[in-house]
Amino acid sequence: MPEATPRQVRLALLVIWFIPVLWTANYVVARMAPGVIGPYALALGRWLLAAVVLFALSGGELWQKRSELARTWWQYLVLGFLGMLVCGAWVYLGARSTGAVNIALIYSASPVLIGLGAALWLGERFSKLQATGVVVAMAGVLHVVLKGQWSALGSVQFVPGDAWIVGATFAWAAYALLQKKWPSTLSATARLAACCAGGVILLAPCAMWESTVPGLTQWGTRAWTLIAVAGVIPGLGAYWIYGWAQKVIGASRVAVALYLGPLYTAFVAWALLGEAPGLHHAVGAALILPGVFLVSGAGFRKTEAATGISPHTVSK
């Protein structure tokens, strides 16, 4: 990409503050979906819409490299399972019993898992400062899941939704790491299209099974609106702005704005869903976000240089 102009840099520095807002839309959709559309149907609709747009943009490249795709098709099924099925449907499953702020805070720990995975799996060096960040961030996640009731651990009523989100967080870290483990000559757009195709293939039978469960989906304007919002705003919209801004000003500068995601979610969830954040959310954020910074900020240049993975890689 040619060197960015001053105008592009100014625009990028402005729009990055809106990226967390776009991803917050997915948490709001997730909380609005119960009783309107099932988790697998919503995830299928979201990624099918994204796949159609991405294939329109990269269809020529995908056809030219069809021999490579024929050799590595199974990789895109694995990536589709992790990135689109688990990180899509499981988030919507979790949202049926946990709040939007919980989702945002737990998911915000994904860069920690990516940094840790790069060290353990890809051989990246891991400093003591980064190890401290892992402990601090994970303590914050546990604080949110336990609702701050450490002293009454035995009597805490665990919410199944938090477990779904924790599972999705681990899946996203694996998704990001495997993309480096399995190098590809495809462009970012074409590769995402292939991942979406893998996800759609796996989501389709799940959505078909889900359609036999009474009361999960009521097809109508609200259901289609949620699919459109999830596919366009946090999916294509956030993805394109994030990718463009990262090329213009660099991943580390874009990542600073991403730390505001849980804060934005707290305000939006309060305003639109009536979910008032609690003290345990504030304490959890005070642990998770500095922990993420220690892991990804302290080792950012080394990790990206050695593995090609930004610890700040985020998808919602």
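Thresholds applied
Once a new chain begins, its residue numbering starts again from 1 and follows that chain's sequence as written. Local features in this predicted model are restricted to residues of pLDDT 70 or higher, and side-chain atom pairs are both shown and tallied only at a pLDDT of 80 or more, whereas totals for entire chains, interfaces and linings draw on every residue. To get the side-chain values, take all heavy atoms of the structure and skip hydrogens and water. Only DSSP runs of H or I covering at least 4 residues are called helices, and only runs of E covering at least 2 are called strands; the numbering of each starts at the N terminus. Note on classification: 1.4 Å probe, protein chains only; a residue is buried when its accessible area is under 20% of the maximum for its type, exposed when over 50%, partly exposed between these limits. Here a residue-residue contact requires only that any non-hydrogen atoms of the pair lie within 4.5 Å. Calculation of accessible area relied on Shrake-Rupley with a 1.4 Å probe; when residues are assessed, cover is drawn exclusively from the protein chains displayed. Residues enter a nonpolar core if they are buried and are Ala, Val, Leu, Ile, Met, Phe, Trp, Tyr or Cys, with the set joined through side-chain atoms within 4.5 Å. Stacked, tilted and edge-to-face are the three classes assigned to paired rings of Phe, Tyr and Trp, where Trp is represented by its six-membered ring and a pair needs centres within 6.5 Å; plane angles under 30 degrees give stacked, over 60 edge-to-face, the rest tilted. Throughout this description, the term charge over a ring refers to an Arg CZ or Lys NZ atom that lies within 6 Å of the ring centre and within 35 degrees of the ring normal. Counted as positive: Lys and Arg. Counted as negative: Asp and Glu. His and the chain ends are not counted at all. Whenever a carboxyl oxygen of Asp or Glu lies within 4 Å of a side-chain nitrogen of Lys or Arg, that contact is scored as a salt bridge. Under this definition, polar contacts are N or O atom pairs within 3.5 Å; protein pairs additionally need one hydrogen-donor-capable and one acceptor-capable atom, and for neighbouring residues in sequence, both atoms have to be side-chain atoms. The method works on a 1 Å grid over the protein atoms by themselves. A cavity is a set of points holding a 1.4 Å probe that cannot get out, a pocket is an open set with protein on both sides within 12 Å along at least five of seven lines, and residues with an atom within 4 Å of a point line them. Grid points are joined across faces, edges and corners, and a volume is the space filled by probe spheres set on the points. pLDDT measures how confident the predictor is about each residue, on a scale from 0 to 100. In this scheme, a helix's expected span is set at 1.5 Å multiplied by one less than its residue total. Note on geometry: axes are C-alpha line fits, over the in-contact stretch for helices, and angles between N-to-C directions span 0 to 180 degrees. Each angle gets one of four labels, with under 35 degrees taken as roughly parallel, over 145 as roughly antiparallel, 65 to 115 as roughly perpendicular, and the rest as oblique. Less than a right angle of anticlockwise turn of the near helix away from the far helix marks a crossing as left-handed, whereas a clockwise turn marks it as right-handed. When residue character is reported, Ala, Val, Leu, Ile, Met, Phe, Trp, Tyr, Cys and Pro are called nonpolar, Asp, Glu, Lys and Arg charged, and the others, Gly included, polar.

Student: Describe in detail the overall build of the chain, supporting the description with residues and values.
Tutor: If you tally the helices and strands in the chain, you get 14 helices and zero strands. Listed N to C, the secondary structure of the chain is α-α-α-α-α-α-α-α-α-α-α-α-α-α in terms of helices and strands. For the chain, buried positions account for 50% of its 316 residues. Of the contacts formed within the chain by residues at least 6 apart in sequence, a portion of 88% connects residues at least 24 apart. When the accessible surface of the chain is split by element, carbon and sulfur atoms take 69% of a total near 14,400 Å².

Student: Describe the nonpolar core, listing the residues and the values that go with them.
Tutor: By size, the foremost hydrophobic cluster in this structure holds 75 residues, and its most contacted members are Ile 37, Leu 42, Tyr 107, Tyr 175, Cys 196 and Leu 203. At 12 residues, helix α4 (residues 66-94) tops the list of elements feeding residues into this core. Ala 12, Trp 23, Ala 245 and Ile 249 belong to the second largest nonpolar core, which has nine residues in total.

Student: Could you give an account of the packing of aromatic side chains, with specific residues and numbers?
Tutor: By the definition in use, this model includes four aromatic pairs. A centroid spacing of 5.1 Å and a plane angle of 75 degrees characterise the contact between Trp 90 and Trp 164, whose relative ring orientation is edge-to-face. A residue pair is termed long-range when its members are at least 10 positions apart, and Trp 90 in helix α4 and Trp 164 in helix α8 (residues 160-181) qualify at 74 residues. The partly exposed category is assigned to Trp 164, whose relative accessible area is 32%. The residue whose ring lies beneath Arg 66 is Trp 63, and the NZ or CZ to ring-centre distance is 4.1 Å.

Student: Which residues make up the side chain of Glu 68, and what are the values?
Tutor: The residue Glu 68 is located in helix α4 in this model. Although Glu 68 is buried, it makes no salt bridge; Arg 71 carries the closest opposite charge, 5.1 Å away. Here Thr 185 takes part through its side chain, which lies 2.4 Å from a polar atom of the side chain of Glu 68. Residues contacting Glu 68, with those up to four places away along its chain left out, are Ser 184, Thr 185 and Leu 186.

Student: So what about the pattern of salt bridges? Which residues, and what values?
Tutor: Per the stated rule, a full pass over the model turns up two salt bridges. One salt bridge in this structure joins Glu 275 and Arg 31, with 2.5 Å as the shortest N-O distance. Of this pair, Glu 275 sits in the loop between α12 (261-273) and α13 (279-298) while Arg 31 sits in helix α2 (residues 19-32), placing them 244 residues apart in sequence. A residue is classified by how much of its surface remains accessible, and Glu 275, at 15% relative accessible area, is buried. Residue Arg 31 is classed as partly exposed on the basis of its relative accessible area, which comes to 27%.

Student: Tell me what's going on with the layout of surface pockets, and back it up with residues and numbers.
Tutor: Its volume calculated, the second largest pocket comes out at about 240 Å³. As for the second largest pocket, its lining consists of 14 residues, and the residues nearest its centre are Ala 41, Leu 44, Ala 207, Trp 219 and Ile 227. For the lining of the second largest pocket, the secondary structure elements donating two or more residues are α3 (39-64), α9 (188-210) and α10 (221-249). Looking at the lining of the second largest pocket, the element that brings in the most residues is α3, giving five residues.

Student: Give me the side chain of Thr 24: which residues, what numbers.
Tutor: Mapping Thr 24 onto the fold places it in helix α2. We classify Thr 24 as buried; its relative accessible area is 2%. One polar contact links the side chain of Thr 24 to the main-chain carbonyl oxygen of Pro 20, over a distance of 2.7 Å. Dropping the residues within four chain positions of it, Thr 24 is found in contact with Gly 261, Tyr 264, Thr 265 and Val 268.

Student: Go over the confidence of the model for the chain, please, and point to the residues and values.
Tutor: Across the chain, the average pLDDT comes to 82, with 86% of residues at or above 70. Here residues 299-312 is a poorly scored stretch, pLDDT under 50, and it has 42 contacts once near neighbours within four places are set aside; other chains count.

Student: Lay out helix α7 (residues 128-145) with the relevant residues and their values.
Tutor: The end-to-end C-alpha distance of α7, which contains 18 residues, comes to 26 Å, matching closely the 26 Å that a straight helix rising 1.5 Å per residue would cover. The set of residues buried in α7 consists of Gln 130, Gly 133, Val 134, Ala 137, Gly 140, Val 141, His 143, Val 144 and Val 145. Lys 147 occupies a position one or two residues after α7 and carries a positive phi of about 60 degrees.

Student: Outline the packing of helix α1 (residues 6-15) against α10, supporting the account with residue identities and numerical values.
Tutor: The contact between α1 and α10 brings their axes to 9 Å, and the two run at 135 degrees. Considered as vectors, α1 and α10 are oriented oblique to each other. The element α1 and its partner α10 pack so that their crossing is left-handed. Residues Gln 8, Val 9, Leu 11, Ala 12, Leu 13 and Val 15 of α1 pack against Ile 241, Trp 244, Ala 245, Val 248 and Ile 249 of α10. When its residues are assigned to classes, the contact of α1 with α10 shows 10 nonpolar, one polar and no charged.

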